[in-house]
Amino acid sequence: PPGSTFKIITTTAALEDKLTSTRKRYPVETAATIDGTRLENANGESCGGTFRESFAHSCNSVFAPLGVRVGAKRLVDAAERYGWNAKPSVDGEMPSTMPPASEIKTPIELGSSAIGQGKVLATPFRMASVAQTIAEGGVMTEPSLKAGAASPKRRVTSRAVARNIRAYMLDVVGYGTGTAAAIPGAQV
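Note that the structure is a prediction, hence the values are computed from the model and not measured.

(A) The arrangement of helix H6 (residues 124-135) in detail. Its twelve residues place the ends of H6 16 Å apart at the C-alpha level, agreeing with the 16 Å of an ideal helix rising 1.5 Å per residue. On its buried side, H6 packs onto helix H1 (7-16), strand S5 (139-141) and helix H7 (159-174). Gly137 sits one or two positions beyond H6 and adopts a positive phi of about 70°.

Printed below as a string of C-alpha cells:
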C-alpha cells in the first residue's frame, strides 16, 4: 500500500472537482470516524487547519472523509490517469492496482483507499512517476529504462492543480511530516 503518498491522487480529484481549496479550513482532530471505524492520524497526532496545512501534516482525519466526498468513480479515474490498473511500461515492474469503483462499496473502503490503504497497491516506481507528473506541471512522461527510447507524454491533470500540489509537497518537507528529507541549500 502506498499510504499517504496516495494523497496526491486524492488531492488531484478533489481540486479538479473543486471539493476543496488551498485555504479551506478543516477541524483539528486526531481521527475521523467513518462507518463506525476510527481512522487515526499517524501517532494520534492532532492536525487539520487549512487544506494546505492538512496535506503537509498528512491528516487522515481530513483525507479519509474528503475521499468519501470525492467518491469512488472520481478517485479511481484520477488514479488510472496516473497509471493505476495499467500495464507497466517497464519490464519486470509489478502493476499498481486498486479495485474498480464498482467494488469500492462502503464509505470506509473509500476513506481507506483515499489515504492509500485498503486494497490500493503501488510500486515505488509508480509513485516516482506521480511525483514526476506533478513536477512537470501535470504531464506524465511514461517511464522507460531503455536508453534512447522515446517516452510518450500525456496530460494527467491541469497545470494549476499540479502547481498547487507541488507547493503542498514542498510544505511536507518544509514544515510537515517529511522534514527529515530536507537537504540544506536544496529545495526538496
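(B) Just the pattern of salt bridges, in detail. Per the counting criterion, the structure on display carries six salt bridges. Among the salt bridges present, the one from Arg81 reaches Glu16, with a minimum N-O distance of 2.7 Å. Here the residue Arg81 occupies a position in helix H4 (residues 72-81), and Glu16 occupies one in helix H1, the gap between them amounting to 65 residues. Taking the relative accessible area as the measure of exposure, Glu16 reaches 27% and is therefore partly exposed. A salt bridge links Glu142 to Arg154; the shortest N-O distance between them is 3.0 Å. Residue Glu142 is found in the loop between S5 and strand S6 (153-155), and its partner Arg154 is found in strand S6; the two are separated by twelve residues along the sequence.

(C) Main features of the side chain of Ser113. Along the chain, Ser113 falls in helix H5 (residues 107-114). Residue Ser113 is classed as buried on the basis of its relative accessible area, which comes to 4%. When residues no more than four places from it in sequence are discounted, the contact partners of Ser113 are Phe6, Leu75, Met98, Ile104 and Val120.

(D) A look at the packing of aromatic side chains. Throughout the structure, instances matching the rule amount to six aromatic pairs. Relative to Phe51, the ring of Tyr26 has its centre 6.1 Å away and its plane inclined at 55°; by these criteria the two rings are tilted. Residue Tyr26 is located in strand S1 (residues 25-29), and its partner Phe51 is located in helix H2 (residues 51-56); the two are separated by 25 residues in the primary sequence. As far as the burial class goes, Tyr26 and Phe51 line up, both buried. An aromatic cluster of three or more residues is present, and its members are Tyr26, Phe51, Phe55, Phe63 and Tyr168.

(E) Structural detail: the environment of Asn41. Turning to its location among the elements, Asn41 is positioned in the loop between strand S3 (37-40) and strand S4 (47-50). Look at Asn41 and you get buried, because its relative accessible area is 3%. Separated by 118 residues in sequence, Asn41 and Arg159 place their C-alpha atoms 30 Å apart. A polar contact of 2.9 Å, which involves the side chain of Asn41, links it to the backbone oxygen of Glu45.

(F) Layout of the state of the cysteines. For the structure shown, the criterion picks out one disulfide. Here Cys47 is linked by a disulfide to Cys59, with a sulfur-sulfur distance of 2.1 Å. In this pair, Cys47 sits in strand S4 while Cys59 sits in the loop between H2 and helix H3 (60-70), placing the two residues twelve residues apart along the sequence. Of the two residues, Cys47 and Cys59, both sit in the buried class.

(G) Up close: unusual backbone geometry. At Lys18, a position not held by glycine, the phi torsion is positive, near 55°. Given the relative accessible area of 70%, Lys18 is considered exposed. In this structure, Ser58 is a non-glycine residue whose phi angle is positive, near 55°. Considering the arrangement of structural elements, one finds Ser58 in the loop between H2 and H3. The buried category is assigned to Ser58, whose relative accessible area is 14%.

Thresholds, definitions, all that
Residues numbered from 1 in each chain as written. Predicted model: local features only at pLDDT ≥ 70, side-chain atom pairs only at ≥ 80, totals over all residues. Heavy atoms only, no water. Helix = DSSP H or I, 4+ residues; strand = E, 2+ residues; numbered from the N terminus. Expected span 1.5 Å × (residues − 1). Contact = heavy atoms within 4.5 Å. Salt bridge = Lys/Arg side-chain N within 4 Å of Asp/Glu carboxyl O. Buried < 20%, exposed > 50% of the residue type's maximum accessible area, 1.4 Å probe, protein only. Phe/Tyr/Trp six-rings, centres within 6.5 Å; stacked < 30°, edge-to-face > 60°. Polar contact = N/O pair within 3.5 Å; in protein donor to acceptor, adjacent residues only side chain to side chain. Disulfide = S-S within 2.5 Å.

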